[in-house]
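Chain by chain, the residues run as shown.
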Amino acid sequence: MELEDERFSEDENLWEEHKIPLTYDQESMTEWFNEKRGGIKGRADVFYLMFGITYNCQLKCPHCCVGNYKNEPRRELSTDEIKDILDQSAKAFVVNFFGGEPTMRADIMELIKYASERAVYVFCDTNGLKITKDFARQLKDSGLEMLYVSIDSPIPEKHDQLRGMKGVYNKAVQGIKNALEVRLKCTLSTYVTKETLANGEFEDVIKLARELGANGVRYLLPTPAGRWLYNPEVKLTPQEERKVRKIAKFPFVCRDFYFQTQSSSQCRGIADKVYFYISPYGDVQPCCFMPLTFGNTREEPLKTILERMWGHPMMCESWTKKECPMLNEEFRSKYIETIPPKAKLPFKM
């Protein structure tokens, strides 16, 4: 895999110009890119690792992007197995712990600390329910750079309805306040739907973030994945996407993550082969939205699996350079709709 500075130069100028809310040092960034170009023998070359560490969750959201994967706690990677994968990842730029609800793992602080010693940045997604002031302080002390707290709607009752539990909106907002009070960087995470774009709720989430003093808003475009896997009607039209981009003023509002392409629906992670997902069971997937696996870390080295995945014909198709493959009809026809009806997900390629 190649990591060439020019691929990131346009957005990098934005990062510097707008002062993205990350601990940012140009010298250390340059050193990291130079080290990665040299490579480390026997280890995988990793830019952004989205690491699902559990499918356990207190909630059951109808839009959950991993809701179609079976929750089998006994199959979860152990603490040592996760550490081994982090070692195989050489020095990743970003390790993003994901779930389910990652804070439900008893070893979450240990994992964050271990990752923070091996990556430039460590992020963590959460529903916010466990983020007391003490818990937030522990996250910060463990080396967490950014906490993403999910807010589906700025209307408390609607957020609670979407999450399937009363009172979770207030707990999430309090979690954000707790994180910010102990000076842990905290960003609201949301997704845009046709409804929230039309009724102004997307803009109101941004207003809420500013009122709370959060570090920003991360938004996701609605994707036919997870519990929405066979609901392509959730996709925004090109006109709706343009409206989103007019509202989303980078870097306070960013799509997916700060190092993503902000001006289109292209997935830089897939297009440039710099982003991938590992499930709680060790399955290596292009992303958590894509229910396809190219191998398991319990059976093969991560480097071997990534070379197979990035060399697969799927990654050479024209759509990978244009948009999120899960939004592409040709990709879905070839790789998603051909998955046998009763096949266990993720489907082995």
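The preceding data block contains the structure.
As the structure is a computational prediction, the values presented were derived from the model and not from experiment.

Conventions adopted
- Residues numbered from 1 in each chain as written.
- Predicted model: local features only at pLDDT ≥ 70, side-chain atom pairs only at ≥ 80, totals over all residues.
- Heavy atoms only, no water.
- Phe/Tyr/Trp six-rings, centres within 6.5 Å; stacked < 30°, edge-to-face > 60°.
- Helix = DSSP H or I, 4+ residues; strand = E, 2+ residues; numbered from the N terminus.
- Buried < 20%, exposed > 50% of the residue type's maximum accessible area, 1.4 Å probe, protein only.
- Polar contact = N/O pair within 3.5 Å; in protein donor to acceptor, adjacent residues only side chain to side chain.
- Contact = heavy atoms within 4.5 Å.
- Salt bridge = Lys/Arg side-chain N within 4 Å of Asp/Glu carboxyl O.

*Asks:* Sorry, what's going on with the packing of aromatic side chains here?
*Replies:* When we look at a pair of aromatic rings, we describe it by the centre distance and by the angle of the planes. Using the criterion set out here, one finds 14 aromatic pairs in the structure. Relative to Y148, the ring of F123 lies with its centre 5.7 Å away and its plane at 85°, an arrangement referred to as edge-to-face. With F123 in strand β3 (residues 119-126) and Y148 in strand β4 (residues 146-150), this residue pair connects regions lying 25 residues apart in the sequence. For the pair F123 and Y148, one class covers both residues: buried. Joined through ring pairs, the aromatic side chains of F47, Y48, F93, Y121, F123, Y148, F257 and Y275 make up one cluster.

*Asks:* Where do I start with the side chain of T190 in this structure?
*Replies:* Counting through the fold element by element, T190 comes out in strand β5 (residues 186-191). In this structure the side chain of T190 is engaged in a polar contact, spanning 2.8 Å, whose partner is the backbone oxygen of I151. Excluding residues that lie within four positions of it along the chain, T190 makes contacts with I151, D152, F202, V205, V217, R218, Y219 and L220.

*Asks:* So what exactly am I meant to see when it comes to unusual backbone geometry here?
*Replies:* Glycine aside, the phi torsion of most residues is negative, and most peptide linkages are trans. The omega torsion across G99 and G100 is 5°, close enough to zero to call that bond cis. If you trace the backbone, G100 turns up in the loop between β2 (92-98) and α4 (108-116). In the Ramachandran plot, R183 falls in the positive-phi region, its phi being about 65° despite a non-glycine side chain. Here R183 lies in the loop between α7 (168-181) and β5. The phi dihedral of D256 is positive, around 65°, even though this residue is not glycine.

*Asks:* For this particular structure, what's the right way to read the pattern of salt bridges?
*Replies:* The full count for this structure, using the stated rule, is 23 salt bridges. One salt bridge connects E195 with K158, and the closest N-O pair in it is separated by 2.9 Å. Placement of E195 in helix α8 (residues 194-198) and of K158 in helix α6 (residues 156-163) is noted, with a sequence separation of 37 residues between them. Given a relative accessible area of 46%, E195 falls into the partly exposed group.

Geometry only, nothing functional implied.
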